[in-house]
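# Structural description and commentary
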Amino acid sequence: DFLQWVIREPRLREVMIKGAEFKAELDYAVLDFLHRKTILVTQVMLEGAPGSPGDPARLAIEPYVFSRMVIKYIKNINSDVLKEIARSGAQRDFYEGADLDRIKAELLNQAGMLAQDEQGIPDSADPREKLHLEYLKNAAYNSPDPDALSRQFDQDWQALQPALRAIERKMLPFLPREPLIVLDDFGALDETSRLERLIAGMRDRLKRPGPGKS
């Protein structure tokens, strides 16, 4: 009965829609948070691991771990919205099913294309992305045979398994089960006036109609 009443009440229906939009924003923020944490943890934990920073197998770890973390989080909270956000490409490092074969294929294909591009790597606003492309291009130059590069990827991936497991262990604490966000501390609002307007608005809406009012 309550839900039917909410649906019929225009003002409350609008609040519910805004709440759904806010939840979607939080879902996107979860992906962004996990992505940033994956980048940081991967960089730290790969220090001292076998190989060089530009090895394609090393570059595959970040999207692989990020995809696995997103999959685990979606399973924990059972969020269809978050699943669709991830699938829509909101984060380009997400791969459905954490598909290593697809990650590998895209990296090696990109490396081959960069090696054949005579124009070189274009200037990028993102230095990290530019470095990523330079690594792939150098990998293709060092191993121009695609089959040899593929075999090297597989060997390097096996050698990186201890580091990969360590990275995933470090990431797991960021995945609480059945998380609940409670917006209770209004003191967190950055302006006192915003809090005052919020309270005043709530009081106006909760006022009893006076004599002669409906």
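Summary of the structure given here. (Residues numbered from 1 in each chain as written. Predicted model: local features only at pLDDT ≥ 70, side-chain atom pairs only at ≥ 80, totals over all residues. Heavy atoms only, no water.)

Formed by 39 residues in total, the largest nonpolar core has its most connected members in Leu-34, Ile-61, Val-65, Val-70 and Trp-157. Those elements giving two or more residues to this core turn out to be helix H2 (10–45), helix H3 (56–77), helix H4 (80–87), helix H5 (100–116), helix H6 (127–142), helix H7 (146–159) and helix H8 (161–171). The element contributing the most residues to this core is H3, with 11 residues. The contacts of Leu-34, once residues within four sequence positions are left out, are Phe-66, Met-69, Val-70, Tyr-73, Met-171, Phe-174 and Leu-175. (Core = buried A, V, L, I, M, F, W, Y, C linked by side-chain atoms within 4.5 Å. Buried < 20%, exposed > 50% of the residue type's maximum accessible area, 1.4 Å probe, protein only. Helix = DSSP H or I, 4+ residues; strand = E, 2+ residues; numbered from the N terminus. Contact = heavy atoms within 4.5 Å.)

A few words now on the packing of H7 against H8. Where H7 contacts H8, the two axes come as close as 5 Å, and the packing angle between them is 55 degrees. One element, H7, and the other, H8, form an angle in the oblique class. Where H7 approaches H8, its residues Trp-157, Gln-158 and Ala-159 are matched on the opposing element by Gln-161, Pro-162 and Leu-164. (Axes fitted to C-alpha atoms, helices over the stretch in contact; angles between N-to-C directions. Parallel < 35°, antiparallel > 145°, perpendicular 65-115°, else oblique.)

Across all of its chains, the model carries three aromatic pairs by this definition. Note on Phe-33 and Phe-174: the rings are 5.8 Å apart at their centroids and 80 degrees apart in plane angle, and the pair reads as edge-to-face. Of this pair, Phe-33 sits in helix H2 while Phe-174 sits in the loop between H8 and helix H9 (192–206), and the two are 141 residues apart along the sequence. Classification of Phe-33 as partly exposed rests on a relative accessible area of 31%. Here Phe-153 and Trp-157 contribute two aromatic rings whose centre-to-centre distance is 6.1 Å and whose plane-to-plane angle is 5 degrees, an arrangement assigned as stacked. Within this pair, Phe-153 and its partner Trp-157 are both found in helix H7, separated by four residues, close to a single helical turn. Across this residue pair, the class does not change: Phe-153 and Trp-157 are buried. Joined through ring pairs, the aromatic side chains of Tyr-64, Phe-153 and Trp-157 make up one cluster. (Phe/Tyr/Trp six-rings, centres within 6.5 Å; stacked < 30°, edge-to-face > 60°.)

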